Amino acid sequence: MSLLEITNVTKLFGGLAALKEVSFNVNEGEIVSLIGPNGAGKTTLFNCITGTHPADSGSIRFLGEELTHLPPHEVARKGIARTFQHIRVFRRMTVLDNVKVGNDHRGRTGILGALLRPPWVRREEEETTKKCLEVLSLFGERLLPRVNHYASTLSYANRRRLEIARALVSQPKLLLLDEPTAGMNPHETQGVIDLIRAIRERGHTVLVIEHKMKVVMTVSDRIVVLDHGEKIAEGTPAEIADNEEVIQAYMGERKRC
């Protein structure tokens, strides 16, 4: 079943086409990797899906419903969450409070409830805390013992994990991960590979932007390749590895680095 349907999506910045009629589907339960050289349009596509920078033309449908031109908070309510290429955590908030932010749009407490604190508000807070701790348990010793630490005290890799935890607590049907292993060593990268698999086992569908080919080839059911804003290939890891156009546009570039 197609969870996300992207059809002829184009995004212009002035006279530059960052995306040119990109089309592909993401099926429920899949892990799909989006790859391509720097500037290929990968993060721009994430921004179009989540409403940060709406597409200029084309269609983005999620569970059959059109998302194009919906604001980001409405897209989140539909069941899509994301992380960012450049880490965005609240450095002067604790690990637990950072994760709670990801559940905020699902809560009912307003200003009056926060001031008067009736029993239902306390129950909602307890339920939120329980949900956050359950998500943090996926990260084991990396985050769970640090729930009361400020995010600013975390290592770079753990701040990336924290951002994933914040996205997961909203219980998204589709999780968008933007370079989740950036800046990580091989051991940390393997941990993220295992985490992505665990996320899928929890019932989430994953669309991931990634540059490390070990990650891409290990976790992906399918791979979509962008180059200069256009889709140049789509297929299984084995099919992409043997695609001459991909090797020239992306893998060849990586080999020269």
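Scroll up a little and you will see the structure.
The rules behind these values
- Residues numbered from 1 in each chain as written.
- Predicted model: local features only at pLDDT ≥ 70, side-chain atom pairs only at ≥ 80, totals over all residues.
- Heavy atoms only, no water.
- Pairing = 2+ DSSP bridges.
- Helix = DSSP H or I, 4+ residues; strand = E, 2+ residues; numbered from the N terminus.
- Expected span 1.5 Å × (residues − 1).
- Buried < 20%, exposed > 50% of the residue type's maximum accessible area, 1.4 Å probe, protein only.
- Arc of directions from axis to C-beta.
- Contact = heavy atoms within 4.5 Å.
- Polar contact = N/O pair within 3.5 Å; in protein donor to acceptor, adjacent residues only side chain to side chain.
- Axes fitted to C-alpha atoms, helices over the stretch in contact; angles between N-to-C directions.
- Core = buried A, V, L, I, M, F, W, Y, C linked by side-chain atoms within 4.5 Å.

### So, the pairing of strand E4 (residues 57–62)
(1) Moving on: Pairing analysis gives five bridges linking strand E1 (residues 2–13) to E4, with the strands arranged antiparallel. By the bridge assignment, threonine 10 is partnered in E4 with serine 57.
(2) Moving on: Examined bridge by bridge, E4 and strand E5 (residues 65–66) share two bridges and lie antiparallel to one another. Residue pairing in the sheet places arginine 61 in a bridge with glutamate 66 of E5.

### Things to note about helix H7 (residues 186–201)
(1) Moving on: Look at H7: 23 Å from first C-alpha to last across 16 residues, which is about the 22 Å you get at 1.5 Å a residue.
(2) Moving on: Among the residues of H7, Glu188, Thr189, Val192, Ile193, Leu195, Ile196 and Ile199 are the ones counted as buried. For H7, the angular spread of buried residues about the axis comes to 165°, placing them on one side. Exposed and oriented more than 90 degrees from the buried face of H7 are Pro186, His187 and Glu201.
(3) Moving on: Packed against the buried residues of H7 are strand E3 (31–35), helix H6 (156–168), strand E7 (174–178), strand E8 (205–209) and helix H8 (213–219).
(4) Moving on: Between the side-chain oxygen at the start of H7 and the backbone nitrogen of histidine 187 there is a gap of 3.1 Å, and the oxygen is on asparagine 185.
(5) Moving on: Phi turns positive one or two residues past the end of H7, at glycine 203, with a value near 100°.

### Here we look at the sheet that holds strand E6 (residues 80–82)
Pairing between the strands of a sheet is mediated by backbone hydrogen bonds and can be parallel or antiparallel.
(1) Moving on: The sheet built from six strands is open, its strands ordered E6-E7-E8-E3-E9-E10 with mixed pairing. Bordering the open sheet on either side are E6 and strand E10 (230–235), each of which pairs with just one other strand. Taking each pair of neighbouring strands and ignoring which way they run, the sheet shows an average axis angle of 20°.
(2) Moving on: Sitting on the sheet, H6 is in contact with E6 and E7, with an inclination near 160° to E7.

### What about the nonpolar core?
(1) Moving on: With 33 residues, the main nonpolar core has Leu136 and Phe139 as its most contacted residues.
(2) Moving on: At the level of secondary structure, the elements contributing two or more residues to this core comprise helix H3 (95–101), helix H5 (119–136), H6, E7, H7, E8 and H8.
(3) Moving on: Ranked by the residues each element gives to this core, the list is headed by H6, at six residues.
(4) Moving on: Excluding residues within four positions of it along the chain, phenylalanine 139 makes contact with Arg161, Ile164, Ala165, Leu168 and Leu195.
(5) Moving on: One finds Leu45, Leu67, Leu174 and Leu226 within the second-largest nonpolar core, a separate group that totals 27 residues.

### Some words on the pairing of strand E9 (residues 222–227)
(1) Moving on: Counting buried positions along E9 yields six of six residues, so the element is predominantly enclosed.
(2) Moving on: Covered by surrounding structure in E9 are Arg222, Val224 and Leu226 together with Ile223, Val225 and Asp227, the residues of both alternating faces.
(3) Moving on: Examined bridge by bridge, E3 and E9 share four bridges and lie parallel to one another. The partner of isoleucine 35 across the bridge, within E9, is valine 225.
(4) Moving on: Both E9 and E10 contribute to a ladder of five bridges, which runs antiparallel. Residue pairing across strands places aspartate 227 opposite glutamate 230, the latter belonging to E10.
(5) Moving on: Between E9 and E10, which pair antiparallel one after the other, the connecting turn spans two residues, and histidine 228 there sits at a positive phi close to 50°.

### Topic: the environment of valine 89
(1) Moving on: Structurally, the position occupied by valine 89 is in the loop between E6 and H3.
(2) Moving on: Through-space distance from the C-alpha of valine 89 to that of aspartate 242 is 39 Å; in sequence the pair is 153 residues apart.
(3) Moving on: For valine 89, the residues in contact, after removing those within four places along its chain, are Asn98, Ala151, Arg159, Leu162, Glu163 and Arg166.

### Remarks on helix H1 (residues 42–50)
(1) Moving on: When you tally the buried positions in H1, you get eight out of nine residues, the bulk of the element.
(2) Moving on: Where H1 ends, the next residue or the one after it, glycine 51, has phi of about 85°, a positive value.

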